[in-house]
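# Structure at a glance
One-letter residues, chain by chain:
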Amino acid sequence: MAVILEGSRFINSRWDFSSDDFRRLANLCLMLLISLLVYLLITQRSLYLIYSFLELLPFVFFPLIAVQVYSVKETIDIRTLFLKIKNVTTKEKSTKFTINLTYPYFALCIFSAGNANTQDISFYIGMFLLSSVAFWFLRSKRFPPTVWLCLILLAGIIGFIGQIGVAQLQVKLEESVVAWLSNGVGQEIDAFKKQTSMGELGTLKQSNDIIFRVNAENQKSSPLLLREATYNKYKSSFWVASKPQFIPVQPQSNGKTWTLGDQPANSSILTVSATLNRGKGLLRLVDGTFQIDELQVSQMEKSKYGTVKVDGKVNDIVYQLKFNNNLSVDSAPTEDDLQIPPKEQIAINQTISNLDIQNKSPQEILKRVNSFFQNNFRYSLKLAGKDNSSTALSTFLLQNRSGHCEYFATATTLILRAVGIPTRYAVGYSVHEFSNLEKQYIVRSRHAHAWTMVYLDNRWQAFDTTPADWTGIEDATASKWSFISDLWSFLGFRLSSWLGNVRGSNLLKYGWWLMLPFILILMRRLVPQKGVRRVSTKQILLKQSNNFDPTRKNSEFYSIEKALNELGFIRNPSESLKNWIQRLKEELSPSQVDDLTSLIELHYRDRFDPVAMNETEQAKFKSAIQSWLDKYSNPQ
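In this report, we go over the structure that sits alongside the text.

Cut-offs applied
- Residues numbered from 1 in each chain as written.
- Predicted model: local features only at pLDDT ≥ 70, side-chain atom pairs only at ≥ 80, totals over all residues.
- Heavy atoms only, no water.
- Buried < 20%, exposed > 50% of the residue type's maximum accessible area, 1.4 Å probe, protein only.
- Helix = DSSP H or I, 4+ residues; strand = E, 2+ residues; numbered from the N terminus.
- Arc of directions from axis to C-beta.
- Contact = heavy atoms within 4.5 Å.
- Axes fitted to C-alpha atoms, helices over the stretch in contact; angles between N-to-C directions.
- Parallel < 35°, antiparallel > 145°, perpendicular 65-115°, else oblique.
- Left-handed = near helix turned anticlockwise from the far one by under 90°.
- Nonpolar A, V, L, I, M, F, W, Y, C, P; charged D, E, K, R; others polar.
- Pairing = 2+ DSSP bridges.
- Salt bridge = Lys/Arg side-chain N within 4 Å of Asp/Glu carboxyl O.

### So, helix H17 (residues 558–566)
Residues spaced three or four apart along an α-helix point in a common direction, a consequence of the helix completing one turn every 3.6 residues. Inspection of H17 places Ile560, Glu561, Ala563 and Leu564 among the buried residues, and these make up the whole buried set. Projected down its long axis, H17 shows its buried positions confined to an angular sector of 160°, all on one face. Facing away from the buried side of H17 by over 90 degrees, the exposed positions are Lys562 and Glu566. In the core, the buried residues of H17 are packed alongside helix H18 (577–583), helix H19 (590–608) and helix H20 (615–632). Once H17 finishes, Gly568 follows within two positions and takes phi at roughly 100°, a positive value.

### Remarks on helix H5 (residues 62–69)
Along H5, 7 of the 8 residues are buried, which leaves the element largely enclosed by surrounding structure. Every buried residue of H5 is listed here: Phe62, Leu64, Ile65, Ala66, Val67, Gln68 and Val69.

### Overview of the packing of H19 against H20
Put simply, H19 and H20 touch, their axes get as near as 11 Å, and they point 150° apart. Comparing their axes, H20 and H19 come out roughly antiparallel. In this structure, H19 crosses over H20, and the sense of that crossing is left-handed. Of the residues in H20, those in contact with Ser591, Gln592, Asp595, Leu596, Leu599, Leu602, His603, Arg605 and Asp606 of H19 are Glu617, Gln618, Phe621, Ala624, Ile625, Trp628 and Tyr632. Class assignment of the residues belonging to the contact of H19 with H20 gives a composition of 8 nonpolar, 4 polar and 4 charged.

### Some remarks on the sheet that holds strand S16 (residues 299–302)
In any sheet, the strands associate via hydrogen bonds between backbone groups, in a parallel or an antiparallel arrangement. An order of S10-S16-S17-S13 is seen for the 4 strands of this open sheet, with the pairing classed as antiparallel. Unpaired on one side and paired on the other, strand S10 (247–248) and strand S13 (280–282) mark the two borders of the sheet. Where S10 lies against S16, 2 bridges are found, and the strand directions are antiparallel. Within S16, the position partnered with Pro248 by the bridge is Glu301.

### What to know about the pattern of salt bridges
If the charged atoms of two oppositely charged side chains come close together, the side chains can form a pair. Summed over all chains, the structure comprises 17 salt bridges. Residues Glu364 and Arg368 are paired through a salt bridge, measuring 2.9 Å at the closest nitrogen-oxygen approach. With Glu364 and Arg368 both in helix H10 (residues 362–376) and 4 residues apart, this pair spans about one turn of that helix. On the basis of relative accessibility, which here comes to 27%, the residue Glu364 falls in the partly exposed class. One salt-bridge network, held together by shared partners, links Asp356, Lys360, Glu364 and Arg368.

Here is the structure:
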């Protein structure tokens, strides 16, 4: 692209494109823009697709800028860029609607490059050096180079400080937008901490969007919990993973198989189709997952709590889980898994006293706790807040006894800890909705769930005390028209899967040849029926020079010369107007000379500029001449 644009400086040919030609190009760019946006919406389905979109904008508008730089006019009528504006004919000579797109395109390239740069200082340094070189040739010669160097360095330092502030603002904005779009549930999970909605007021807003899919060998294995992250410390509505100690997981020789634990005698298989954010994210795993197959990522790390995060080059991933529910690959319990915040101790002790579970067997304790929540509490999406004199969890246990899964999971985790059973807080998704359209399970954002991990029989097990009707309550809130968005999501998923297969095959290497007929048809549409006239740059310059009319009437300035001659200020035959006025400085007032100097510049333009003055400028020039004559021609 750079070679084509800069090549216009060395190619002597130019093409006389019409307004219709530019309109066709504008329509082509619009079609490319829409196609790019649709492609990104289908293949990425992530908030971060906006960065990919901005990175590719210079490619979208390149045809328009390329044609402009090789055009005779070197400008574009802005009216040709809009679909609903009337056709622009070649007879319209007005220049007030023309625009040179080179400068906006240059700014677009810088802006797009800024969205694609890596997270280090190299991009800023490169942009600073390139800009400095460009400004060096445009610097004022009135000042020494040292002054210019000091100023450009000062500007670079200020710019560097500013871009750090912009980067921090961008991070905050991203976090706010992600949180707003996710509405606090089903959001992108942090492996180190999780803020719950406990203690808030209002209604828990749920999204019906499909975020990933599960294909199970046994269609009757639902409901199933896929764990995304695990935490062990609770404080003020926050769950934290204390010292998770992420360690790298190395793939096998094929680069797609990752082993998390020893392989048992029996196992089940589950296939998950999901999306990462900019190639990064946490995997959703079944408890007892010991191996992950067909996962094409660059890096994988696993915490001692079983949380697995990956980093790759693609957003759409499909991976196969091999698991055994009787297997546990998480670390053994620690003292943190028995910790209870002091502020919650009173409510927990009172609840335990009502349950009468002290000195009971672990199985009996789990049975009574589950029965307690199933029979005495109800699931609700309404956030009732908390009593000012107690915590959100205390209000839930002792007063309103109503809440969503985060309340039940937190309360269960701390109650079991109080009777000596190690527990952890887990978040992930419930897999329970089977799609007859897709013939597999679909998982929506509102299927995000929280539950308790209990350490029994020398392994970690899932223990969910949320009332079983929670899925039905949430399903009742879904829109009756959700099948439309489901169909669109399914089509996007199928297209994304096809594109993934294309990327993994040799078809992509030779796909451009398949695109050639389509490209030729588009090019044919751009060529006008009567052809485009090609002229050389010499012809253009000659045409511009021919704009000078040797028969142009004498300038209005000569009336001033005549008036000065009558006053005795005679100009020598070989003396230029500027030299003549310079000589008259001693005899005329400073104001007279200053006004004459500006009028002489207009006179030279009127007489010798190839681009003649228009009627408005001519009228202003004549009026200025007459004003000078009225003011200064009479002898003082």
